[in-house]
Amino acid sequence: MNFQSFRALALVFSGVAATNFVAAEGVGAPPSPARAAAPDSRSVNDWLMRMHEASRRRAYVGTFVVTSAGSMSTARIWHVCDGEQQMERVETLTGAPRSTFRHNDQVVTFLPETRVVRSERRESSGLFPNLSFTGSRITDHYTAQPTQVTNTDRVAGFHTDLLLLTPKDKLRFGYRIWSEKKTGLVVKLQTLDAEGQVLEQSAFSELQMDAPVRMDRLTQMMGRTEGYRVEKVNLTKTSPAAEGWTLKSPVAGFNPVSCFKRPAAATPARDGAMQWVFSDGLAAVSLFVEIYDPQRHLQETTTALGATQTLTRRLSLKSGDKTSDWWLTAVGEVPPQTLQAFAQSLERTK
């Protein structure tokens, strides 16, 4: 997502990664009578800011479903906020058991089958649905069209507004976004290819607004690690320049968001991968760069799973009179040509 957002939850379900309503009078039940709603005069910025604010100020419990590449993943979500404090619990209902707790930038994942707890800090943890955007950038690369809705556009029993975001180029996908009419909370999201076909869909199937979720209770659950082996992932904040990397030319609309050095996965003597994250405000791309290892990096690939594309490449890059081999893994909810543009532009500076 990614929206950073519904997509973040899809990544939690698959294990790749790295989630709100008010009790206003009448919100707990669909308005009556139901009728078609005409698009209003909100600007793109207004629409997106309303969605963003709704995600930051609400407490809820809901069942969340992601449909991608012919498969379906489901999770139960508890979310609560207290001022600037945001917390959630995501419990998978399909696939391997997994519980993920997020408290601001702290992320703790329980894996019951292996009795392992993984703990890490993420600068942007993607609390659902965490939009990260600058409105002017989004309108540079997407057009927005509010669309009339009918009873068929109800989501989890709630009436919605519908917004279509269409990309202006071939470097990004489109989005169809349903937001709850009274609060603006995003309750359903479809990612669309260039032909308007749905690549991936994320939605609530059941939702309780203004749920009595207690932050202290979730905090206690997050800290119960007895009987588990705790693995701490220590990400080191860095910069591409410090690591010796740059882009020869930017990929239109995608701006750098963060850069981290990840711990080595194999031997302590080998440097870990650098993760360089870019976003156009809705879509995100991560570039993982590490020293080439012929024992592990066997085949260059380009793969797709729903809206998520992955590209792996061996890079033989020259800096001065020295040539070195690197392994790039590029991942993003973007068309494959976008990842190829990043790979072609990546350059070694030292």
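Residues numbered from 1 in each chain as written. Predicted model: local features only at pLDDT ≥ 70, side-chain atom pairs only at ≥ 80, totals over all residues. Heavy atoms only, no water.

**Q** For this particular structure, what's the right way to read the sheet that holds strand β3 (residues 85-92)?
**A** The strands making up a sheet associate through hydrogen bonds between their backbones, and the pairing can be parallel or antiparallel. The strand order across the open sheet formed by 12 strands is β7-β8-β9-β10-β11-β1-β2-β3-β4-β5-β6-β12, and the pairing between neighbours is mixed. On the outer flanks of this sheet lie β7 (142-147) and β12 (229-233), each paired with one strand and no other. Direction aside, neighbouring strands of the sheet carry axes that sit 15° apart on average. Both strand β9 (residues 174-180) and strand β10 (residues 186-192) contribute to a ladder of six bridges, which runs antiparallel. (Pairing = 2+ DSSP bridges. Helix = DSSP H or I, 4+ residues; strand = E, 2+ residues; numbered from the N terminus. Axes fitted to C-alpha atoms, helices over the stretch in contact; angles between N-to-C directions.)

**Q** Is there a simple way to think about unusual backbone geometry in this case?
**A** Negative phi values dominate among residues other than glycine, just as trans dominates among peptide bonds. Backbone geometry places A69, a non-glycine residue, at a positive phi of 55°. Counting through the fold element by element, A69 comes out in the loop between β1 (60-68) and β2 (71-82). A positive phi is found at D210, a non-glycine position, where the angle reads about 50°. Mapping D210 onto the fold places it in the loop between β11 (198-209) and α4 (215-222). A relative accessible area of 42% means that D210 is categorised as partly exposed. (Buried < 20%, exposed > 50% of the residue type's maximum accessible area, 1.4 Å probe, protein only.)

**Q** Please explain helix α2 (residues 44-56) as it appears in this structure.
**A** One turn of the α-helix equals 3.6 residues, which is why residues spaced by three or four share an orientation. Between its terminal C-alpha atoms α2 stretches 19 Å, which fits the 18 Å expected from 13 residues at 1.5 Å a residue. Listing the buried residues of α2 in full gives V44, W47, L48, M51, H52, A54 and S55. All buried residues of α2 fall inside an arc of 160° around its axis, so they share one side. (Expected span 1.5 Å × (residues − 1). Arc of directions from axis to C-beta.)

**Q** So what exactly am I meant to see when it comes to the sheet that holds strand β20 (residues 322-332) here?
**A** The strand order across the open sheet formed by seven strands is β13-β15-β16-β17-β20-β19-β18, and the pairing between neighbours is antiparallel. Taken across any chain shown, the strands that pair with only one partner, and hence form the sheet edges, are β13 (236-237) and β18 (301-305). Two strands pair when backbone bridges link them, and strand β16 (residues 274-279) and strand β17 (residues 284-291) are joined in this way by six bridges, in the antiparallel orientation. Looking across to β17, one finds that M274 is bridged to V289. Of the strands in this sheet, β16, β17, β18, β19 (308-319) and β20 are in contact with helix α6 (residues 336-345), which crosses β19 at around 15°. (Contact = heavy atoms within 4.5 Å.)

**Q** So what exactly am I meant to see when it comes to α4 here?
**A** Residues M215, L218, M221 and M222 constitute the buried set of α4. Each buried residue of α4 sits inside an arc of 125° when the element is viewed along its axis, so together they form one side. In this structure, the buried side of α4 is in contact with β2, β3, β4 (99-103) and β5 (106-111).

**Q** Quick question: what am I supposed to make of the packing of aromatic side chains here?
**A** Aromatic ring pairs are described here by two measures, namely the spacing of the ring centres and the angle between the planes. Applying the stated criterion to the full structure yields 10 aromatic pairs. With a centroid separation of 6.3 Å and 45° between ring planes, the pair formed by Y142 and Y175 is classed as tilted. Note that Y142 is positioned in strand β7 and Y175 in strand β9, a separation of 33 residues in sequence. Of the two residues, Y142 and Y175, both sit in the buried class. Where F278 meets F342, the ring centres are 4.9 Å apart and the plane angle is 50°; that geometry is what we call tilted. Here the residue F278 occupies a position in strand β16, and F342 occupies one in helix α6, the gap between them amounting to 64 residues. Given a relative accessible area of 1%, F342 falls into the buried group. (Phe/Tyr/Trp six-rings, centres within 6.5 Å; stacked < 30°, edge-to-face > 60°.)

**Q** Can you walk me through the side chain of T160 in this structure?
**A** By the element assignment, T160 lies in strand β8 (residues 160-167). A polar contact is formed between the side chain of T160 and the backbone oxygen of D153, at a distance of 2.7 Å. Setting aside chain neighbours within four positions, we find T160 in contact with V149, D153, V155, W178, S179, E180, K181 and V187. (Polar contact = N/O pair within 3.5 Å; in protein donor to acceptor, adjacent residues only side chain to side chain.)

**Q** Would you mind going over the nonpolar core with me for this structure?
**A** Proteins that are soluble and globular tend to have nonpolar side chains buried together. Formed by 37 residues in total, the largest nonpolar core has its most connected members in W276, L287 and L346. Looking at this core element by element, the count peaks at four residues for α2. When neighbours within four sequence positions are excluded, L346 is seen to be in contact with W245, T246, L247, W276, L287, V289, L315, L317 and L328. By size, the runner-up hydrophobic cluster in this structure holds 17 residues, among which are Y60, F158, L207 and M209. (Core = buried A, V, L, I, M, F, W, Y, C linked by side-chain atoms within 4.5 Å.)

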